[in-house]
Amino acid sequence: MKQRLIIFDTTLRDGEQSPGASMTREEKVRIAKQLERMRVDVIEAGFPAASNGDFESVQAVAKTIKDSTVCALARAIEADVERAGTALKGAAVARVHTFIATSPIHMQKKLRMSPEQVLEQAVKAVQWARKYTDDVEFSPEDAGRSEVDFLCRVLEAVIKAGAKTLNIPDTVGYNVPDQFGKLIRQLRERIPNSDKVVFSVHCHNDLGLAVANSLSAVLQGARQVECTINGLGERAGNAALEEIVMTVRTRQDIFPCDTRIDTTQIVPASRLVAGITGFTVQPNKAIVGANAFAHESGIHQDGVLKHRETYEIMRAEDVGWGANKLVLGKHSGRNAFKNRLMELGIELESEEAVNAAFVRFKELADKKHEIFDEDLQALVSQEAAAHVQEHYKLVSLKAHSETGKQPYASVVITEAGKERRAESNGSGPVDASFKAIESIVKSGTELQLFSVNNITTGTESQGEVTVRLQKGGRIVNGLGADTDIVVASAKAYISALNKLHSKLERINPQAATV
Ligand code: KIV
Ligand code: ZN
């Protein structure tokens, strides 16, 4: 029997720390359900001390999820641990994950604490967490730049205090695979009772080595990997779940362990996270990129046709490609629509929400004859966004573009329920629409990103637009989908403005001091 490699997904916590990737409570619950369907072992649902919104999101995920452990992050502060433990009440299986930095630079410059104070605080944090659950995880933040002797002392002490999982983070993505693997081996060899706990790793991708470092650690005995869908996460992101899972599954000749992940749920999870956060996946991204299984060159195509394994080491259908199903059309009824949402794991809050989504579905089906799962996901995401933040609403948009003429747009929006209209020229119809909207809202934001992707294939497809806006250090992403990409762009712009307007402020767990 192979040993289990525990998959700890932190898309909802570390993933959300990517600037602009913040998610609503409903969005987090939807992602958590998909992670559960994928059979992720542990879902890190958030950092409850960050804000009331984060607390409520963790609570909602804890109440919904039954087959995965639900985890909440807490700094090594009593109030944080108490918030995490309370948010997790009602979870089928709850884990508190507490952390404190152990590297000289973090202790001196960030925490302004001596190593002895850090050690004492780490032990106390684990003891506080034990009041809420036996499943306590401890992380020495910036372990990748910490002194091994000190790490051993802290980890030995937290095992004594009752920690069951020791997570070793390469917080700044500084390590290289051989070095990181050796660190795990040393810790396992040197720390008394190391065989009584699970060693976990949490690698960041600043040098593009997060997956390689994590896998090197697995070869040296780590049995939990912390990762995120699509590698989302702070700065360059975390180790990508899909790459970890598929490497271990594909190279069972090398790895002495395997995960329990249902790999056919990987692509749906990737699409869901990309759709909700607006962090699109690059086409050549391993496993989940649009080109990951596309064979362009004649030689490759010939080989694959003759014998698949000549150029394919995994099967596209095993990771969930090909699930691009035609599900509904113009004549589909409300029941068919509701059933398909249920099959996709989407539960709308009320009958009114189903009715509103059904009206949107009919509007879409009038414009686009074939409706795919991806269209439904986009439709529901927009429906959810419209309910949470609606200071600004798009009422109508008229855009004109013609060769040799200056593009022009006229928009009607509501601002706090009051109708406002404006028109503008621009370098193209999207530019003209944004200028018209901006002349009403005067947001003074800086546009950092504008990207358009087709949700499904063909020119009938809806375009999904991401708009990233920056103002006063805050970054937000707005999403919009429509068969008309100018309308999709205006919706995305307004969705980003609404997020900025909501002024949702949260603290980043790692920026704050103890
Ligand atoms: O990167 C990191 O060190 C973290 C910890 C909180 C585990 O995210
Ligand atoms: Zn991290």
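That block above? That's the structure.
Only a predicted model underlies this, so the values are computations on that prediction, with no experimental measurement involved.

Within the protein chain one finds 16 helices and 18 strands. Taken over the C-alpha trace, the protein chain has a radius of gyration of 24 Å; the compact-globule value for 514 residues is 24 Å, and the two agree within 12%. Along the longest, intermediate and shortest principal axes, the C-alpha atoms of the protein chain span 75 × 60 × 45 Å. The buried share of the protein chain, taken over its 514 residues, is 57%.

A separate point is the sheet that holds strand E15 (residues 418-425). Pairing is antiparallel across the open sheet formed by three strands, whose spatial order is E13-E14-E15. Where the open sheet ends on each side, the last strands, each with one partner, are strand E13 (392-400) and E15. Strand-to-strand twist across the sheet, computed as the mean angle between neighbouring axes with direction ignored, equals 15°. Together, E13, strand E14 (408-415) and E15 form the strand contacts of helix H15 (residues 429-441), whose direction differs from that of E14 by roughly 40°. Lying over the sheet, helix H16 (residues 485-502) contacts E13 and E14, oriented at roughly 150° with respect to E13.

Let us look at the side chain of Ser410. Among the secondary structure elements, Ser410 is positioned in strand E14. Exposure remark for Ser410: the relative accessible area of 18% places this residue in the buried category. Setting aside residues up to four positions removed in sequence, Ser410 forms contacts with Ser396, Leu397, Lys398, Ala422 and Glu423.

With that settled, consider the coordination of the zinc ion (ligand 2). Only Asp14 (OD), His202 (NE2) and His204 (NE2) from the protein coordinate the zinc ion (ligand 2), and they sit 2.0 to 2.1 Å from it. Within one chain, the residues donating to the zinc ion (ligand 2) are spaced in sequence as D-x187-H-x1-H.

All right, on to the environment of Glu16 then. Examined against the element boundaries, Glu16 turns out to sit in the loop between strand E2 (6-9) and helix H1 (25-37). For Glu16, a relative accessible area of 4% corresponds to the buried category. Along the chain, Glu16 and Ala294 lie 278 residues apart, while their C-alpha atoms are 30 Å from each other. Those residues within four positions of Glu16 in sequence are excluded, and the remaining contacts are Thr11, Ala21, Ser22, Met23, Lys28, Asp54 and Arg506.

We now examine the packing of H15 against H16. Relative to each other, H15 and H16 sit at 35°, their axes nearing to 9 Å. Seen along the crossing, H15 lies across H16 with a hand that is right-handed. Along the contact surface, H15 presents Pro429, Val430, Ser433, Phe434, Ile437, Glu438 and Val441, while H16 presents Val486, Ser489, Ala490, Tyr493, Ile494 and Leu497.

Let us look at empty space enclosed by the protein. Per the stated rule, a full pass over the model turns up three cavities of 30 Å³ or more. In terms of lining, the largest cavity is formed by Arg13, Leu73, His97, Phe99, Ser139, Glu141, Asn167, Pro169, Thr171, His202 and Gln510. Put simply, the parts of the chain that give the lining of the largest cavity at least two residues each are strand E5 (94-101), strand E6 (136-141) and strand E7 (165-170).

As summarised here, the arrangement of the three strands in space is E16-E17-E18, forming an open sheet in which the pairing is antiparallel. Both edges of this open sheet fall to strand E16 (446-454) and strand E18 (474-482), since each of them pairs with a single strand only. Neighbour to neighbour, the strand axes of the sheet diverge by 15° on average, direction disregarded. Each of E16, strand E17 (463-471) and E18 touches H16; the most contacted strand, E18, lies at about 150° to it.

All right, on to the environment of Arg340 then. Of note, Arg340 is situated in helix H12 (residues 334-343). The spatial distance from the C-alpha of Arg340 to the C-alpha of Leu376 is 8.8 Å, given a sequence separation of 36 residues.

This part covers a nonpolar patch on the surface. Nonpolar side chains collect at one region of the surface, where Leu447, Phe450, Val452 and Ile485 lie side by side and expose about 320 Å² of accessible area between them. If you tally residues by element for the nonpolar patch, the top one is E16, at three residues. When you line up the elements, Ile485 lands in helix H16.

The subject of this paragraph is the packing of aromatic side chains. Using the criterion set out here, one finds five aromatic pairs in the structure. Residues Phe358 and Phe361 carry aromatic rings whose centres are separated by 5.8 Å and whose planes lie at 25° to one another, so their mutual orientation is stacked. In this pair, Phe358 and Phe361 are both assigned in helix H13 (residues 351-367), three residues apart and thus about one turn of the helix distant. In this pair, the class of Phe358 matches that of Phe361, namely buried. Over the ring of Phe55 we find Arg83; its NZ or CZ atom is 4.0 Å from the centre of that ring. Arg468 extends its terminal NZ or CZ atom over the ring of Phe279, reaching a point 4.9 Å from the ring centre.

Here the focus is unusual backbone geometry. Even without glycine at this site, Arg235 takes up a positive phi of about 50°. Inspection of the secondary structure puts Arg235 in the loop between strand E9 (224-227) and helix H9 (241-250). Given a relative accessible area of 45%, Arg235 falls into the partly exposed group. Residue Lys442 is not a glycine yet carries a positive backbone phi of 45°. Assignment of secondary structure puts Lys442 in the loop between H15 and E16. Note on Lys442: relative accessible area 63%, which makes it exposed.

About the cut-offs
Residues numbered from 1 in each chain as written. Chains lettered and ligands numbered in written order. Predicted model: local features only at pLDDT ≥ 70, side-chain atom pairs only at ≥ 80, totals over all residues. Heavy atoms only, no water. Helix = DSSP H or I, 4+ residues; strand = E, 2+ residues; numbered from the N terminus. Rg over C-alpha atoms; globule rule 2.2 N^0.38 Å. Buried < 20%, exposed > 50% of the residue type's maximum accessible area, 1.4 Å probe, protein only. Pairing = 2+ DSSP bridges. Axes fitted to C-alpha atoms, helices over the stretch in contact; angles between N-to-C directions. Contact = heavy atoms within 4.5 Å. Donors = N, O, S within 2.8 Å, 3.2 Å for Na, K, Ca; no water. Left-handed = near helix turned anticlockwise from the far one by under 90°. 1 Å grid on protein atoms, 1.4 Å probe; cavity = no way out; pocket = protein on both sides within 12 Å on 5 of 7 lines; lining within 4 Å. Points joined across faces, edges and corners; volume = space filled by probe spheres on them. Patch = residues over 30% accessible without salt bridge, like charges linked within 9 Å, V, L, I, M, F, W, Y side chains within 5 Å. Areas by Shrake-Rupley, 256 points an atom, 1.4 Å probe, with all protein chains shown as cover. Salt bridge = Lys/Arg side-chain N within 4 Å of Asp/Glu carboxyl O. Phe/Tyr/Trp six-rings, centres within 6.5 Å; stacked < 30°, edge-to-face > 60°. Lys NZ or Arg CZ within 6 Å of the ring centre and 35° of its normal.

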